[in-house]
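This is what each chain is made of:
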Amino acid sequence: MYKMMTPGPTMVAENVRKARSMETGNPDLDLDFYDYYKETCELYSELLHTKNESLILSGEGILGLEAAVASLTEPGDRVLVLDNGVFGKGFADFVEIYGGKPVLYTTDYHKAIEAEPLRAFLEKDSDFKYATVVHCDTPSGMLNDIAVICPLLKEFEILTVVDSVSGMFGNEVNVDASQIDILCGGSQKAVSAPIGLTMVTISEAAKQAMENRKTKIASFYANLMTFKDYYENKWFPYSMPISDIYGLRQALQNIKEDKDILARHARIATKTREAVVRSGLTLYAENGYSNTVTVFTIPGGVTAEQILTTLRADYGIMLAGSFDVMAGEVIRIGHMGYNCTEENMAETLDALGKTLEKLDVSLKEPLRYEM
Ligand SMILES: *Cc1c(COP(=O)(O)O)cnc(C)c1O
């Protein structure tokens, strides 16, 4: 195997892997599993500082984004799509699929969304049912300040849908303080469980908006209402992936016990960025740095492919390029969740530096992570 230092999926702790291999009962018929599921959802909500209900859906992170949009959007609804990255813009596709009218608020992909220009925009036009905000836009590593943006949207009575799949547990998320109506998370980023689950956290206002719909939700699998009263009725809309949920529970327990988790991400991310800048490489972002991923632009004379291939073949470390408009432009170093340790970063940056040297990229000084 190789060391996977990508911005998700991450490597997975042994206790999470073991939890996934436990013997399983029948999750539909064993009534104890309804308690186990509910308690796991409550633990997740607690870690995100809210009493809002969370649901664990059987599907990768994208399902959570689609479910939020499918469940809120009625034909003709205007939806504000905050776009300063690939995932940001991507929400517009889901809105269209479900008959909504996305209105893009597009800003510079190198910078976090600023509150004051957004406020000026909203003062002219705030007739939106909800807005979509990406916390950490992973293809560029851009972090938006949801603690400022979401309360601002709520001042204009706009519901907030936040994708923090790659932001949460590496950057602070406080659902209640930030007034997030639907928060989307995933198992494979800083949560550090394998790919396969998405978690959605839903406010009372968002539930009300779903209840008040005049039209039916145009999906079954992406319909969040199908979970209504699942606990009272002891009925899930489909069979739950019990082994994945055992793994998630252990991963969340690991997070709960890790009191230094946010401070460690901040420390390691800062030191990683400093090392990159000292070497003469250029960070993609001008501000809004996420503590889960560092993104630098490809230096002249080499391609992303050459760097990634050499690093993997000669040093056994996998980093990621990017996709969509970012394809070929940058390399992404993940330092999230279980991967976020000083030792991993020292090894990764050392190998990356040697790789660049082999490819005749001249650096200002050797790429070195200061332990
Ligand atoms: C990873 C991720 C998702 C989930 O989708 P993938 O198919 O795993 O990329 C959703 N949103 C963001 C911001 C992500 O980083």
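Each value, and the rule that gives it
Residues numbered from 1 in each chain as written. Predicted model: local features only at pLDDT ≥ 70, side-chain atom pairs only at ≥ 80, totals over all residues. Heavy atoms only, no water. Helix = DSSP H or I, 4+ residues; strand = E, 2+ residues; numbered from the N terminus. Rg over C-alpha atoms; globule rule 2.2 N^0.38 Å. Buried < 20%, exposed > 50% of the residue type's maximum accessible area, 1.4 Å probe, protein only. Contact = heavy atoms within 4.5 Å. Areas by Shrake-Rupley, 256 points an atom, 1.4 Å probe, with all protein chains shown as cover. Lys, Arg positive; Asp, Glu negative; His and termini not counted. Charge placed at Lys NZ, Arg CZ, Asp CG, Glu CD. Core = buried A, V, L, I, M, F, W, Y, C linked by side-chain atoms within 4.5 Å. Near = heavy atom within 4 Å. Polar contact = N/O pair within 3.5 Å; in protein donor to acceptor, adjacent residues only side chain to side chain. Nonpolar A, V, L, I, M, F, W, Y, C, P; charged D, E, K, R; others polar. Axes fitted to C-alpha atoms, helices over the stretch in contact; angles between N-to-C directions. Left-handed = near helix turned anticlockwise from the far one by under 90°.

> What's the story with the overall build of the protein chain in this structure? I'm lost.
A count of helical and extended segments in the protein chain gives 13 helices and 13 strands. Computed over its C-alpha atoms, the radius of gyration of the protein chain comes to 21 Å, within 12% of the 21 Å expected for a compact globule of 371 residues. If you line up the protein chain on its principal axes, its C-alpha atoms span 60 × 55 × 30 Å. Looking at the protein chain as a whole, 56% of its 371 residues qualify as buried. At a minimum sequence separation of 6, the contacts of the protein chain that also span at least 24 residues come to 73%. Accessible surface computed for the protein chain: about 15,400 Å², of which carbon and sulfur atoms make up 51%. Each charge class in the protein chain can be summarised by its mean position, and for the 35 positive and 53 negative side chains these summaries are 1 Å apart.

> Would you explain the nonpolar core in this entry?
Across soluble globular proteins, nonpolar side chains show a tendency to be buried alongside one another. Grouped together as the largest cluster of nonpolar side chains are 85 residues, with contacts concentrated most on Tyr37, Phe169 and Ile182. When near neighbours in sequence (up to four residues on either side) are disregarded, Tyr37 contacts Leu55, Ile56, Phe227, Tyr230, Phe236, Met240 and Ile245. Formed by 26 residues, the second largest nonpolar core is a distinct cluster that contains Phe296, Ala304, Ile333 and Cys340.

> Sorry if this is basic, but what is going on with the site of the ligand here?
Near the ligand the following residues occur: Glu60, Gly61, Ile62, Phe87, Cys136, Thr138, Asp163, Val165, Ser166, Gln188 and Lys189. Taking Gln188, its side chain carries an N or O atom lying 3.0 Å from an oxygen atom of the ligand. For the ligand, whose accessible area on its own is 370 Å², the fraction buried by protein is 83%. Of the residues assigned to the shell around the ligand, the class counts are four nonpolar, four polar and three charged.

> What is the right way to read the packing of helix H2 (residues 31–47) against helix H10 (residues 242–257) from this model?
The description of two packed helices rests on the angle between their axes and on the distance between the axes. Direction vectors running N to C along H2 and H10 enclose 35 degrees, while the axes themselves pass 10 Å from each other. Relative to H10, H2 is oriented so that their crossing is left-handed. In contact with Phe33, Tyr36, Tyr37, Glu39, Thr40, Leu43, Tyr44, Glu46 and Leu47 of H2, H10 contributes Ile242, Ile245, Tyr246, Leu248, Arg249, Leu252, Gln253, Ile255 and Lys256. Grouping the amino acids of the contact of H2 with H10 by side-chain chemistry returns 12 nonpolar, two polar and four charged.

> Looking at this structure, I do not really get the side chain of Asn84. What am I missing?
In this fold, Asn84 is placed in the loop between strand E3 (78–83) and helix H4 (86–97). The buried category is assigned to Asn84, whose relative accessible area is 1%. Separated by 3.0 Å, the side chain of Asn84 and the backbone oxygen of Lys111 make a polar contact. There is a polar contact of 3.0 Å between the side chain of Asn84 and the side chain of Asn144. Apart from the residues within four sequence positions on either side, Asn84 is in contact with Thr107, Asp108, Tyr109, Lys111, Ala112, Ile113, Asp137, Met142 and Asn144.

> How do you make sense of the environment of Ile331 when you look at a structure like this?
As for its position among the elements, Ile331 is in strand E13 (residues 330–334). Overall, the relative accessible area of 0% leaves Ile331 in the buried class. Remark: the alpha-carbon pair of Ile331 and Glu305, spanning 26 residues in sequence, is separated by 9.5 Å. Filtering out sequence-adjacent residues up to four positions away, Ile331 remains in contact with Thr294, Val295, Phe296, Ile298, Ala304, Ile307, Leu308, Leu319 and Ala320.

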